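Tertiary structure, described
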Amino acid sequence: MNTLILTPLVLVAACFVVELFRLRRRNALMQKLQGPESKSFWFGNDHEIRYQKEVGDCEFEWMRRYGGAWRRSAPLGEEWLMVTDPKALQHILHTSGYHYQKGALQNTITEMISGNGIVRAHGETHQRQRKIMNPAFSAPQLRSFLPLFQDVALKLVQKWKDEVIPADPSGQPLVNVTRWFSRTTLDIIGGAGFDFQFGSLDNVKTSLSEQYQNLFIDSTLYPSNWDVLFKATWRLIPESLLSYVRYLPSREYSRFRRYLDFTRNFAREIIQKSIIKGDGKDIMSVLLRANASEDPKSRMSNDELVDQVSTLLLAGHDTTSNSLSWFFYEIAQHPESQQRIREEIAAVRERNKGDITAADLDSMTYTQAALKESMRLNPIIWLLMRVPSRDDVIPLAFPITGKSGEQMTSIPIRAGTPIVLCVSGYNRHPEVWGEDAHKWNPERFLSADKTKQTSVGVFANLLNFSGGLRGCIGWRFSILEMQMIAITLLENFEFSMPPPNEKTRVYRKPSGIMMPMCEGERGVWLGLVIKALN
């Protein structure tokens, strides 16, 4: 046989043998854990979690059955660890620094969505980028955006009063609030992030809003079998080569490619305008000034700066609008919570005759508790991935029962073992949040004893914004924005659920981010009945 053909075949075979040996070593330790029975060698338990009707259908049952950590089978014979235990999560996200990486699968998907921005960066690169970006998210900087948040929220109020409510004969229309919140948060991140007017609430049709349309649903919801198997092979491929999978023609890749190509062109225009202006107060202008003041060896490259724009757009727009949707979905089912929030708003208005300040927002304890409870029940990022770079032993706060019946207070793992940090499961862990963890109860945040909690997340000890070194840099921006929009709308409208039927039932769909959807509607949909208050 020709040497040019034989040599690559030998190398491929050698790589396969080495990976098979590593896989057996990793899987051997995982066999000590309980877990659901594998459905097949090819897909393992992937179909159960990827094709579940709603987020939680699988992981809540598995957590109930196995406790805060369990094994689950992945495609092609690999075993993964799933974790909801708070001490294990603290060890992975906080204690171990950068020793737990995102791995080839999540790195490649992140790069397809947002390029090489801060979400994709690791280790020293991540530290460098975060240090430069910190001034753009300082407390004084964020407080300066409150008037913008309120102005845009008031514009939404006027839109509903002038256009949406009069169009319904009953005066109480059924409104897909997710679409409206998406337009609202896009206008906010445009102004706060880039001093750019998208005009989304003014019905301006932009190429960017078209790129956003059902982005995650088209790209990640219920993937094809071939894509599941293809992604399972990524662990065998160098990450430098995986950068090219974005050019594949199927829907899973073409939608993200078009979006990222568009946002990169948009980012170059925004950066050039910010440089010319020089003294802007928006996030990008502050970031550019902070970057220019750094030592030349530590500065972000032009490509890194460009890719921060996609990150800011997604984090400041899509995730926030969906979190708001779920907040109003929860309080629409609990009118007593709406009333308590309105009473709190009225007390603030009585005390402070002017605009609501950051201090006012901090004083509204029940409003904050309701927002936290909504986020606990409805985490937009419902799963995170980590891969240890070295052998380790993961401690547990709550012992689990191993496969042979022994009590386990820690889990030994091999380097390279994929670990799923189950955000949706942790946020409903009964030993963390109480036996009523699946029920609406904002009071739990008013009476929580923080000294008895294991520190995990950056906000309310939830995992919605992750935690540790990789905690979301913009979480305070998002919380202030959601609070201001929520109180502005609740001062003006009452929210209620439509009559129960299958056409209006909302499902928490397991796409890349948890999306509200309805069987009879195309794309994201969360319909609530709104009524103007006198």
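In what follows, the accompanying structure is described.

A word on the overall build of the protein chain
For the protein chain, the helix and strand inventory stands at 22 helices and 12 strands. By the compact-globule yardstick of 24 Å for 534 residues, the protein chain fits well, its C-alpha radius of gyration being 24 Å. Judged by the C-alpha coordinates and their principal axes, the protein chain covers about 80 × 55 × 45 Å. Across the 534 residues in the protein chain, those meeting the buried criterion constitute 57%. The contacts in the protein chain between residues at least 6 apart in sequence include a share of 76% that link residues at least 24 apart. Just so you have it, the protein chain exposes about 23,000 Å², and 55% of that area is on carbon and sulfur atoms.

Notes on a nonpolar patch on the surface
A surface patch of nonpolar side chains, about 380 Å² in accessible area, is lined by Leu241, Tyr244 and Tyr247. Position of Tyr247 relative to the elements: it lies in the loop between helix H13 (239-242) and helix H14 (251-277).

Regarding the sheet that holds strand E12 (residues 527-532)
If you trace the three strands from one edge of the open sheet to the other, you get E4-E12-E9, paired in antiparallel fashion. Each end of this open sheet is capped by a strand with a single partner; those strands are strand E4 (174-176) and strand E9 (493-496). The sheet shows a mean angle of 45° between the axes of neighbouring strands, taken without regard to direction. When E4 meets E12, the two strands line up antiparallel, connected through three bridges. For Val175, the partnering residue across the bridge sits in E12 and is Leu528. Taken strand by strand, helix H8 (residues 146-164) contacts E4, E9 and E12, and its axis lies near 80° from that of E9. Relative to the sheet, helix H9 (residues 177-194) contacts E4 and E12, its axis offset from that of E4 by approximately 45°.

Some thoughts on the pattern of salt bridges
As enumerated under the stated definition, the model contains 32 salt bridges in all. The salt bridge involving Arg65 is made with Glu61; its shortest N-O contact spans 3.1 Å. One end of the pair, Arg65, and the other, Glu61, are both in helix H3 (residues 59-66), four residues apart, so they sit about a helical turn from each other. Taking the relative accessible area as the measure of exposure, Arg65 reaches 46% and is therefore partly exposed. Lys131 is the salt-bridge partner of Glu294, the closest N and O atoms lying 2.7 Å from each other. Residue Glu294 is found in the loop between helix H15 (283-292) and helix H16 (302-332), and its partner Lys131 is found in helix H6 (residues 123-133); the two are separated by 163 residues along the sequence. Overall, the relative accessible area of 17% leaves Glu294 in the buried class. Look at the salt bridges and you will find they share partners, linking Glu54, Glu330, Arg505 and Arg508 into a network.

Details of the packing of H16 against helix H17 (residues 335-351)
At their nearest, the axes of H16 and H17 sit 6 Å apart, and the two run at 110° to each other. Relative to H17, the element H16 lies roughly perpendicular. Across the interface between the two elements, Phe327, Ile331 and Ala332 from H16 touch Pro335, Ser337, Gln338 and Ile341 from H17. Its residues assigned to classes, the contact of H16 with H17 shows five nonpolar, two polar and no charged.

Quick notes on helix H19 (residues 365-377)
In this model H19 runs 18 Å from its N-terminal to its C-terminal C-alpha over 13 residues, within 8% of the 18 Å that 1.5 Å per residue would give. Extensive coverage of H19 is indicated by the burial of 12 of its 13 residues. Inspection of H19 places Tyr366, Thr367, Gln368, Ala369, Ala370, Leu371, Lys372, Glu373, Ser374, Met375, Arg376 and Leu377 among the buried residues, and these make up the whole buried set. The elements touched by buried residues of H19 are H16, H17, helix H18 (358-363), helix H21 (430-433), helix H22 (475-492) and strand E10 (506-510).

Some remarks on the packing of H14 against H15
Between H14 and H15, the least distance of the axes is 10 Å, while the angle of their chain directions is 70°. Between H14 and H15, the interaxial angle falls into the category roughly perpendicular. Two secondary-structure elements touch here, H14 through Ile270, Ile271, Ser274, Ile275 and Lys277 and H15 through Met284, Ser285 and Leu288. Tallied by class, residues from the contact of H14 with H15 come to five nonpolar, two polar and one charged.

Thoughts on the sheet that holds strand E2 (residues 79-83)
Read from one edge to the other, the open sheet built from five strands follows the order E1-E2-E8-E5-E3, with strand pairing classed as mixed. Looking at the sheet topology across the chains shown, the edges are occupied by strand E1 (69-73) and strand E3 (100-101). As judged from the two bridges shared by E3 and strand E5 (residues 383-388), these two strands associate in the antiparallel manner. Bridging across to E5, Tyr100 finds its partner in Pro388. Helix-sheet contacts for H3 involve E1, E2 and strand E8 (419-422), and the interaxial angle to E1 is about 125°.

So, the side chain of His317
Counting through the fold element by element, His317 comes out in helix H16. Overall, His317 belongs to the buried group, its relative accessible area being 1%. Polar contacts involving the side chain of His317 include one to the side chain of Ser182, which spans 2.9 Å. If we skip the residues at most four places from it in the chain, His317 touches Ser182, Thr185, Leu186, Ile189, Tyr212 and Leu312.

Overview of unusual backbone geometry
Positive phi, normally seen in glycine, also occurs at Asn461, with a value near 60°. Along the chain, Asn461 turns up in the loop between H21 and H22. Non-glycine residue Ser466 carries a positive phi angle of around 60°. In this fold, Ser466 is placed in the loop between H21 and H22. Looking at Ser466, the relative accessible area reads 8%, which means it is buried.

The rules behind the values
- Residues numbered from 1 in each chain as written.
- Predicted model: local features only at pLDDT ≥ 70, side-chain atom pairs only at ≥ 80, totals over all residues.
- Heavy atoms only, no water.
- Helix = DSSP H or I, 4+ residues; strand = E, 2+ residues; numbered from the N terminus.
- Rg over C-alpha atoms; globule rule 2.2 N^0.38 Å.
- Buried < 20%, exposed > 50% of the residue type's maximum accessible area, 1.4 Å probe, protein only.
- Contact = heavy atoms within 4.5 Å.
- Areas by Shrake-Rupley, 256 points an atom, 1.4 Å probe, with all protein chains shown as cover.
- Patch = residues over 30% accessible without salt bridge, like charges linked within 9 Å, V, L, I, M, F, W, Y side chains within 5 Å.
- Salt bridge = Lys/Arg side-chain N within 4 Å of Asp/Glu carboxyl O.
- Pairing = 2+ DSSP bridges.
- Axes fitted to C-alpha atoms, helices over the stretch in contact; angles between N-to-C directions.
- Parallel < 35°, antiparallel > 145°, perpendicular 65-115°, else oblique.
- Nonpolar A, V, L, I, M, F, W, Y, C, P; charged D, E, K, R; others polar.
- Expected span 1.5 Å × (residues − 1).
- Polar contact = N/O pair within 3.5 Å; in protein donor to acceptor, adjacent residues only side chain to side chain.

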